[in-house]
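Descriptive structure summary
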Amino acid sequence: EAGKLNEARAKFESALSIDPKNPAALYYLSLVTNSLEKNGDRNTVRPAHNLPLIENPNGNNARDTIQKVAQTSSSSEVSTNITTRRFNVDRNTFVQNLKRIGVLESGDGLSGNPVADREAVQNGILKWFSSMGVHVQNLNWNSSNGHLLIRAPREDIDTIEAAIGAVYQSPPQVNIKVRFVEASKDSLAALQNFPSTINPENSQTRILTLTSDQTRSIMKALESSSENDLLAQGQVTTLSARQAQIQSVDTQSIAMKINPAALTSPGIYSSNGTNDLLITTNLPTGPVIDVVPFVSQDADTIKMRLTATVTEFLGYEKGESVTTYVDGKEGKTAVPIPRFRIRQKSGDAIIKDGQTVVLFDNSAKISDSKTPDAKDKNIVVFVTTTLIDSAGNRIHSDAQ
């Protein structure tokens with residue numbers, strides 16, 4: 001048994017020759033030292049790294065011994081009451097919340113590269129704990145299953161557990177209500193009176209922020225005019241930093257081209273009274289908006305990343321007629337040329353809980369015409385965000 005103890009002692013001394021303040025090596029070397037002393041081998045227990053041998057005449061336990069060694073070898077106090085704790089978390093939620101509080105950068109932790117993700121999260125957490133005055137001896141993050149293994153002084157574990165518990169709480173829920181309005185340019189005069197900004201990445205989009213009272217007033221004015229149409233509205237509840245999509249679309253079967261097999265004899269053949277002369281594709285048309293809300297740490301403001309798109313199918317242009325063959329008979333078929341109109345608006349905005357972001361065309365001008373047609377109309381998108389708790393109740397009232 002003494003041989004095994006001496007072998008273990010040599011390994012711990014080797015570790016201490018590299019890092020003389022290594023608490024783990026000091027702790028286990030102390031255990032070995034106590035065992036050798038009990039066996040009467042007091043001539044072989046002096047550490048090779050020249051740390052002073054501490055006598056233990058009062059029979060103090062190994063923890064007391066190692067604390068004395070650590071205090072002798074360093075002027076700073078190093079805890080030797082080390083413990084290991086494993087935390088099981090949902091990987092995506094945990095990483096997203098670390099980003100939300102600034103521990104990780106936007107591209108860290110979920111890149112798909114396990115090695116890079118593990119290093120990014122480990123380094124971020126270590127810096128985070130260090131900023132709180134917490135000393136972590138060892139930390140390992142498993143980016144595939146969300147296991148976080150931490151080795152630290154026992155007195156710091158409670159702080160670590162509380163910090164992880166706080167950041168792992170589900171991020172705030174955001175209710176997002178969207179309304180797409182097709183408004184005449186004359187009706188947009190009211191919006192021109194409010195200060196707004198232009199999206200630097202899309203100069204055609206103007207961004208406006210309204211309070212709840214202002215939103216109600218604007219919507220009432222738009223609804224009172226027969227020139228304006230409410231194209232669609234909807235709502236969704238999502239989490240902070242999680243993308244959500246709201247759509248109100250119709251799927252239309254649209255002819256895209258003539259079947260190549262029908263262009264040469266004998267062509268194609270009918271089945272049950274139908275044929276595949278035209279090749280069609282099912283395409284969604286209508287309003288769609290993609291939203292990513294980022295709730296601030298104080299749960300007071302929301303940064304919105306918005307992309308709204310309205311896709312319309314306008315029919316077909318008259319294409320040239322080409323010779324086709326159906327059931328062995330020659331005929332003429334016009335080449336289908338589908339026409340679409342896609343109107344898109346995008347931008348970022350920072351608003352308070354309960355406020356509304358409005359997206360509309362920067363190029364909108366007040367029309368002199370008393371009877372504007374569809375070409376004089378503008379898509380206006382209203383996006384209202386509300387922070388709610390798990391029961392669906394508002395976190396803040398309008399007065400707040």
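For the structure, see preceding data.
No experiment lies behind these values; they were computed from the predicted model shown. Here, residues in each chain are numbered from 1, in the same order as that chain's written sequence. Only residues with pLDDT of at least 70 are given local features in this predicted model, and only at 80 or more are side-chain atom pairs given and counted; all residues enter the totals for whole chains, interfaces and linings. Calculated side-chain values reflect all of the structure's heavy atoms, with hydrogen atoms and water omitted.

1. Focus: the pattern of salt bridges
- What counts as a salt bridge is simple: a side-chain nitrogen of Lys or Arg found within 4 Å of a carboxyl oxygen of Asp or Glu. One pass over the full model with this rule turns up 7 salt bridges.
- Of the charged contacts, one joins Arg216 and Asp213 as a salt bridge, the two residues approaching to 2.3 Å between their closest N and O atoms. One end of the pair, Arg216, and the other, Asp213, are both in helix α7 (residues 212-223), 3 residues apart, so they sit about a helical turn from each other.
- Accessibility here uses a 1.4 Å probe with only protein chains present; expressed as a share of the type maximum, an area under 20% marks a residue as buried, one over 50% as exposed, and anything in between as partly exposed. Under the relative-accessibility criterion, Asp213 is labelled exposed at 52%.
- Between Lys352 and Asp300 there is a salt bridge, with the nearest N and O atoms lying 3.0 Å from each other. Separated by 52 residues along the polypeptide, Lys352 in strand β14 (residues 337-352) and Asp300 in the loop between β10 (278-295) and β11 (301-317) bring together distant segments of the chain.
- What makes Lys352 partly exposed here is its relative accessible area of 42%.
- Several salt bridges share partner residues, and in doing so they unite Glu182, Glu312, Arg341 and Arg343 into one network. Here a helix means four or more residues in a row that DSSP labels H or I, a strand means two or more in a row labelled E, and each is numbered from the N terminus.

2. Some thoughts on the sheet that holds strand β15 (residues 356-361)
- Criterion used throughout: strands pair if DSSP finds at least two bridges between them. Spatially, β5-β6-β15-β16-β4-β7 is the arrangement adopted by the 6 strands of the open sheet, whose pairing is antiparallel. Looking at the sheet topology across the chains shown, the edges are occupied by β5 (196-198) and β7 (229-239). The average undirected angle you get between the axes of adjacent strands in this sheet is 20 degrees.
- Examined bridge by bridge, strand β6 (residues 205-210) and β15 share 6 bridges and lie antiparallel to one another. Its bridge partner lying in β15, Leu210 is registered against Thr356. Only the contacting stretch of a helix is used when fitting its axis, a line to C-alpha atoms as for every element, and angles between N-to-C directions run 0 to 180 degrees.

3. Some thoughts on the sheet that holds strand β3 (residues 147-153)
- With antiparallel pairing, 3 strands are arranged side by side in an open sheet as β1-β3-β2. Edge positions in the sheet fall to β1 (82-88) and β2 (138-142), since each has one partner strand and no second. On average, adjacent strands in this sheet sit at an angle of 15 degrees to one another, irrespective of strand direction.
- Two strands pair when backbone bridges link them, and β1 and β3 are joined in this way by 7 bridges, in the antiparallel orientation. Its bridge partner lying in β3, Asn88 is registered against His147.
- We call two residues contacting when some pair of their heavy atoms lies within 4.5 Å. Against the sheet, helix α5 (residues 114-131) engages β2 and β3, with an angle of about 140 degrees to β2.

4. Let's talk about the layout of surface pockets
- Only protein atoms enter the 1 Å grid used here. Points where a 1.4 Å probe fits but cannot escape make up a cavity, open sets with protein on both sides within 12 Å along at least five of seven lines make up a pocket, and a residue lines them when an atom lies within 4 Å of a point. Grid points are joined across faces, edges and corners, and a volume is the space filled by probe spheres set on the points. Here the largest pocket defines a volume of roughly 350 Å³.
- Taken together, 15 residues line the largest pocket, and the ones lying closest to its centre are Lys99, Arg100, Ser106, Ala241 and Phe294.
- Looking at the lining of the largest pocket, the elements that each hand over two or more residues are α4 (91-100), β10 and β11.
- Among the elements that make up the lining of the largest pocket, the one with the highest residue count is β11 (4 residues).
- Here the term charged refers only to Asp, Glu, Lys and Arg, the term nonpolar to Ala, Val, Leu, Ile, Met, Phe, Trp, Tyr, Cys and Pro, and the term polar to all other amino acids, Gly among them. Taken together, the residues of the lining of the largest pocket sort by class into 5 nonpolar, 6 polar and 4 charged.

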